[in-house]
Amino acid sequence: MEDTYTDFARVYDLFMDNVDYASWADYIGERLAGWGIRDGLVLELGCGTGTMTELLAGKGYDMIGVDSAQEMLAEAVEKRMESGHDILYLEQDMREFELYGTVRAVVSVCDSLNYILEEEELRQVFSLVNNYLDPGGIFIFDMNTDYKYREMVGNRTIAENRDEGSFIWENEYDGDTGRNVCELTLFLQREDGLYERDEEVHIQRAYPPGVIRRLLQEAGMTVLQIYDGYTLEEPGPECGRMVFVAREHGKRRESI
């Protein structure tokens, strides 16, 4: 996780313009509202350049963004300066993040949690989420599936060319370990008009939904629903992205 999203941070939003963040934000807002969470503190894990953080702030949530990539957070801070939203960004590893208090909800999008490569570490993330959730707080996150890495991404080369730069993704998926290794080659334009080449390696892991459910339960949460992407449908055999909704249930509210 430490070596990902360095130079790519500068053009991350450009190459992610195929993601319908606005619809995802509407979906998350509707799910949260369905559980009575229409305002208050919400944490985004793996917030990246802050696109989703900004959208949820625009819906009236008091947002906190956590990410380990300093370069991505720098982009997020620029967006905050433009929007004027009161967002707190923290440069922290989600495997050991710390907050000043609890939050009403935690969200994580764009397969950020697939970067957690060990079950025990994923359980630790879930345990921290549970620890920092208000009693009955909601956790919404997405994760790529084995099907996506195996059939849609794995062992393929994906290239795209833009005026601002080009990139080549070379993917290799190991179905036995569930790990997808992506070697990313970037060609980014400099101020003098020439292009500079850089390389990054991204490793993600697919977890069976049963394992994710078990780890959530071991962390103290109740799994409420698993969806096929950002829909209300149950996951099918060709589901590429699952959305999980879980709830904290171990704490008690203080009597007034």
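Residues numbered from 1 in each chain as written. Predicted model: local features only at pLDDT ≥ 70, side-chain atom pairs only at ≥ 80, totals over all residues. Heavy atoms only, no water.

1. Focus: helix α4 (residues 70-83)
Defined as follows: For helices the rule is a DSSP run of H or I covering at least 4 residues; for strands it is a run of E covering at least 2, with both sets numbered from the N terminus onward. Expected span of a helix, by definition, is 1.5 Å for each gap between consecutive residues, and there is one gap fewer than residues. Summary of the burial criterion: residues with accessible area below 20% of their type's maximum are buried, those above 50% are exposed, and those between are partly exposed, where the area comes from a 1.4 Å probe applied to protein chains only. Note that the arc is computed from the directions linking the helix axis to the C-beta atoms.
Its 14 residues give α4 an end-to-end C-alpha distance of 20 Å, which sits within 8% of 20 Å, the value for a rise of 1.5 Å per residue. The set of residues buried in α4 consists of Met72, Leu73 and Ala76. For α4, the arc enclosing every buried residue in end-on projection is 90°, short of the 170-degree limit, so these residues lie on one face. Set apart from the buried face of α4 by more than 90 degrees, the exposed residues are Gln70, Met81 and Glu82. Just downstream of α4, Gly84 is the residue with a positive phi angle, here 80°.

2. Observations regarding the sheet that holds strand β2 (residues 61-67)
For clarity, the cut-off: If DSSP finds at least two bridges between two strands, the strands pair. Helix axes use the C-alpha atoms of the stretch in contact, all axes being lines fitted to C-alpha atoms, and the angles between their N-to-C directions lie in the range 0 to 180 degrees. Pairs of residues are marked as contacts when any of their non-hydrogen atoms sit within 4.5 Å.
If you trace the 7 strands from one edge of the open sheet to the other, you get β3-β2-β1-β4-β5-β11-β10, paired in mixed fashion. The sheet is open, and its two borders are formed by β3 (88-91) and β10 (221-228), each paired with just one other strand. On average, each strand axis in the sheet is inclined to that of its neighbour by 15°, with strand direction left out of account. In the sheet, strand β4 (residues 103-108) pairs with strand β5 (residues 133-144) via 5 bridges, with the strands oriented parallel. Considered in β5, the bridge of Ala105 is made with Ile138. Lying on the sheet, helix α2 (residues 21-34) is in contact with β2, β4, β5, β10 and β11 (241-248); it crosses β5 at an angle near 150°. Along the sheet, helix α3 (residues 51-58) contacts β1 (40-45), β2, β3 and β4; its crossing angle with β2, the most-contacted strand, is approximately 170°.

3. Some thoughts on the environment of Cys182
Position of Cys182 among the secondary structure elements: in strand β8 (residues 179-189). The sequence separation of Cys182 and Val153 amounts to 29 residues, and the corresponding C-alpha distance is 9.5 Å.

4. Some details on a negative patch on the surface
Rules: Like charges within 9 Å and nonpolar side chains (Val, Leu, Ile, Met, Phe, Trp, Tyr) within 5 Å are joined into patches, using only residues over 30% in relative accessible area that form no salt bridge. Reported accessibility uses the Shrake-Rupley method at a 1.4 Å probe radius. Residues are deemed covered only where the shown protein chains occlude them. Note on definitions: salt bridges are taken to be side-chain nitrogens of Lys or Arg within 4 Å of carboxyl oxygens of Asp or Glu. For the charge count, each Lys or Arg is scored as positive and each Asp or Glu as negative, with His and the chain ends excluded. Where a charge sits is defined by one atom per residue type, namely NZ (Lys), CZ (Arg), CG (Asp) or CD (Glu).
A surface patch of negative charge is lined by Glu170, Glu172, Asp174, Asp176 and Glu183. With 3 residues, the single largest contributor to the negative patch is strand β7 (residues 165-174). Along the chain, Asp174 turns up in strand β7.

5. Thoughts on α2
Spanning 14 residues, α2 covers 20 Å between terminal C-alpha atoms, matching the ideal 20 Å at 1.5 Å per step. For α2, the complete set of buried residues consists of Tyr21, Trp24, Ala25, Tyr27, Ile28, Gly29, Arg31 and Leu32. Looking at the residues trailing α2, positive phi occurs at Gly36, about 80°.

6. Quick look at the packing of aromatic side chains
Quick reminder of the rule: Classification of ring pairs rests on two measures: the distance between centres of Phe, Tyr or Trp rings, Trp counted by its six-membered ring, which must be within 6.5 Å, and the angle between planes, read as stacked under 30 degrees, edge-to-face over 60 and tilted in between. Geometrically, a lysine NZ or arginine CZ counts as sitting over a ring once it is within 6 Å of the ring centre and also within 35 degrees of the ring normal.
Under the defined criterion, the tally for this structure stands at 11 aromatic pairs. Both rings, one in Tyr27 and one in Tyr230, keep their centres 5.3 Å apart while their planes meet at 80°; by these two values the pair is edge-to-face. Note that Tyr27 is positioned in helix α2 and Tyr230 in the loop between β10 and β11, a separation of 203 residues in sequence. Between Tyr149 and Tyr173, the aromatic rings sit 5.7 Å apart at their centres with planes inclined by 25°, giving stacked as the arrangement. Here the residue Tyr149 occupies a position in helix α6 (residues 146-153), and Tyr173 occupies one in strand β7, the gap between them amounting to 24 residues. The exposure class assigned to Tyr173 is buried, which follows from its relative accessible area of 10%. Ring pairing ties together the aromatic residues Tyr21, Trp24, Tyr27, Tyr227 and Tyr230, which thus form one cluster. When the ring centre of Tyr27 is taken as reference, the NZ or CZ atom of Arg31 above it lies at 4.7 Å.

7. What to know about the pattern of salt bridges
Applying the stated criterion across every chain yields a total of 15 salt bridges. For Lys59, the salt bridge is made with Asp26, and the minimal N-O distance between the two is 2.6 Å. Residue Lys59 is found in the loop between α3 and β2, and its partner Asp26 is found in helix α2; the two are separated by 33 residues along the sequence. Asp26 gets classed as partly exposed once you look at its relative accessible area, which sits at 38%.

8. Quick word on unusual backbone geometry
Even without being glycine, Cys110 reaches a positive phi, approximately 55°. By secondary structure assignment, the location of Cys110 is in the loop between β4 and α5 (119-132). Here Asp111, not a glycine, exhibits a phi torsion of approximately 50°, which is positive. Among the secondary structure elements, Asp111 is positioned in the loop between β4 and α5.

9. What about the sheet that holds strand β9 (residues 195-205)?
Judged by pairing direction, the sheet is antiparallel, and its 4 strands sit side by side in the order β6-β7-β8-β9 without closing on themselves. For this open sheet the edge positions go to β6 (157-161) and β9, each flanked by a neighbour on one side alone. Taken pair by pair, the neighbouring strands of this sheet meet at an average axis angle of 15°, ignoring direction. Taken strand by strand, α6 contacts β7, β8 and β9, and its axis lies near 115° from that of β7.

Everything listed here is a matter of geometry and, on its own, says nothing about what the molecule does.
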